[in-house]
Amino acid sequence: EIAEIMQQLPRLVARLAETGTGVATSGKLISRISDAVTERIISQALAETGTPPAPFVFLALGSEGRREQSLATDQDNAIIYLPEGIDNEQQLKPYFLKLGERICTLLNTAGYPFCEGNVMAMNPQWCVSFEEIKGQISNWIETPNPKELLNAGIFFDFRPVHGDFEIANMLKRFCISE
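All values reported here derive from a predicted model rather than from experimental measurement.

Details of unusual backbone geometry
- In this model, N118 sits at a positive phi of 65°, which is unusual for a non-glycine residue.
- Note that N118 resides in the loop between α5 (92-110) and β3 (127-129).
- We classify N118 as partly exposed; its relative accessible area is 35%.

This is the structure:
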């Protein structure tokens with residue numbers, strides 16, 4: 001159903017262009033539609049995977065995080081979870097990877113292609129605890145090679161789409177202090 005609706009998006013953008021709507025406005029509209037689709041997909045994925053075992057946030061990264069999407073934008077996203085009060089943090093990762101895989105697969109089916117660089121919540125590097133992402137960020141900054149610079153460039157445009165937005169706020173505070 002979502003995929004069918006998404007097929008109408010190019011016509012909507014074309015009509016906007018015909019009326020003189022600028023690229024920035026069109027990008028923001030595409031991003032709002034993407035957020036609504038993503039919210040719906042995450043709700044469906046959560047219904048399938050069950051109640052999350054810890055608070056988490058689903059982040060849009062890169063152009064989606066900046067709200068500068070185009071019709072050809074692929075997925076760039078991450079899941080960050082907060083294992084406070086959980087004794088065995090390693091028990092959380094399988095759940096969140098399964099959730100990330102389901103979300104990314106549904107997004108792909110809806111018309112948002114998988115990221116060729118694998119910057120997606122279904123990749124263990126982009127589905128991590130709050131402490132793990134802090135370590136990755138520190139590594140990107142302390143070891144600036146091309147891969148780390150690319151990862152930082154994509155990640156630092158993050159924006160929360162679903163979940164516990166306070167985790168994203170904590171992450172912003174960490175990035176500013178780092």
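A short note on the environment of L107
- The topology assignment puts L107 in helix α5.
- If we skip the residues at most four places from it in the chain, L107 touches T38, I41, F58, Q75, N77 and Y112.

Considering the pairing of strand β4 (residues 159-163)
- Counting buried residues in β4 gives four out of five residues, a clear majority hidden from the surface.
- Where strand β1 (residues 56-60) meets β4, four bridges bridge the pair, whose relative direction is antiparallel. The residue bridging V57 from the neighbouring strand is G163, located in β4.

Some thoughts on the sheet that holds β1
- Ordered in space as β3-β2-β1-β4, the four strands form an open sheet in which the pairing is mixed. This sheet does not close on itself; its edge strands, each paired only once, are β3 and β4. This sheet shows a mean twist of 30° between the axes of neighbouring strands, independent of strand direction.
- With three bridges joining them, strand β2 (residues 77-81) and β3 adopt parallel strand pairing. Following the sheet pairing, I79 is matched in β3 by C127.
- The sheet contacts of helix α6 (residues 130-142) involve β2 and β3, and relative to β3 the element is tilted by about 105°.

Quick notes on α6
- With 13 residues, α6 extends 18 Å from end C-alpha to end C-alpha; this agrees with the ideal 18 Å at 1.5 Å per step.
- Contacts from the buried residues of α6 go to β2, β3, α7 (146-155) and α8 (165-177).

Some words on the packing of α6 against α8
- Contact geometry for α6 and α8: axes closest at 11 Å, N-to-C directions at 30°. Accordingly, the angle class assigned to the pair α6 and α8 is roughly parallel. Classified by chirality, the crossing of α8 by α6 is right-handed. Facing F130, I133, K134, I137 and S138 of α6, the residues of α8 in contact are I167, M170, L171, F174 and C175.
- Residue composition of the contact of α6 with α8, by class: eight nonpolar, one polar and one charged.

Considerations on the pattern of salt bridges
- Summed over all chains, the structure comprises six salt bridges.
- Ionic pairing is found between D35 and R159, a salt bridge with its closest N-O pair at 2.8 Å. With a gap of 124 residues between them, D35 in helix α3 (residues 23-49) and R159 in strand β4 connect regions that are remote in the sequence.
- The class for R159 is buried, based on a relative accessible area of 8%.

Some points on the nonpolar core
- Of all hydrophobic cores here, the largest spans 48 residues; its most connected members are I79, F96 and F155.
- If you list the elements that add at least two residues to this core, you get α3, β1, β2, α5, β3, α6, α7 and α8.
- Among the elements that line this core, the one with the most residues is α5, at 10 residues.
- With residues near it in sequence (within four places) discarded, F155 still touches L59, L61, W126, I133, I137, W140 and L171.

Considerations on α8
- Compared with an ideal rise of 1.5 Å per residue, which puts 13 residues at 18 Å, α8 spans 19 Å between its outermost C-alpha atoms and is within 8% of the ideal.
- Of the residues flanking the start of α8, the one acting as N-cap is D164, its side-chain oxygen 3.0 Å from the backbone nitrogen of E166.

Re the side chain of H162
- Among the secondary structure elements, H162 is positioned in strand β4.
- According to the relative accessible area criterion, H162 is buried, its value standing at 15%.
- Separated by 2.8 Å, the side chains of H162 and E39 make a polar contact.
- Ignoring any residue separated from it by four or fewer positions in sequence, one finds H162 in contact with E39, I42, L46, F56, V57 and F58.

About the criteria used
Residues numbered from 1 in each chain as written. Predicted model: local features only at pLDDT ≥ 70, side-chain atom pairs only at ≥ 80, totals over all residues. Heavy atoms only, no water. Helix = DSSP H or I, 4+ residues; strand = E, 2+ residues; numbered from the N terminus. Buried < 20%, exposed > 50% of the residue type's maximum accessible area, 1.4 Å probe, protein only. Contact = heavy atoms within 4.5 Å. Pairing = 2+ DSSP bridges. Axes fitted to C-alpha atoms, helices over the stretch in contact; angles between N-to-C directions. Expected span 1.5 Å × (residues − 1). Parallel < 35°, antiparallel > 145°, perpendicular 65-115°, else oblique. Left-handed = near helix turned anticlockwise from the far one by under 90°. Nonpolar A, V, L, I, M, F, W, Y, C, P; charged D, E, K, R; others polar. Salt bridge = Lys/Arg side-chain N within 4 Å of Asp/Glu carboxyl O. Core = buried A, V, L, I, M, F, W, Y, C linked by side-chain atoms within 4.5 Å. Polar contact = N/O pair within 3.5 Å; in protein donor to acceptor, adjacent residues only side chain to side chain.

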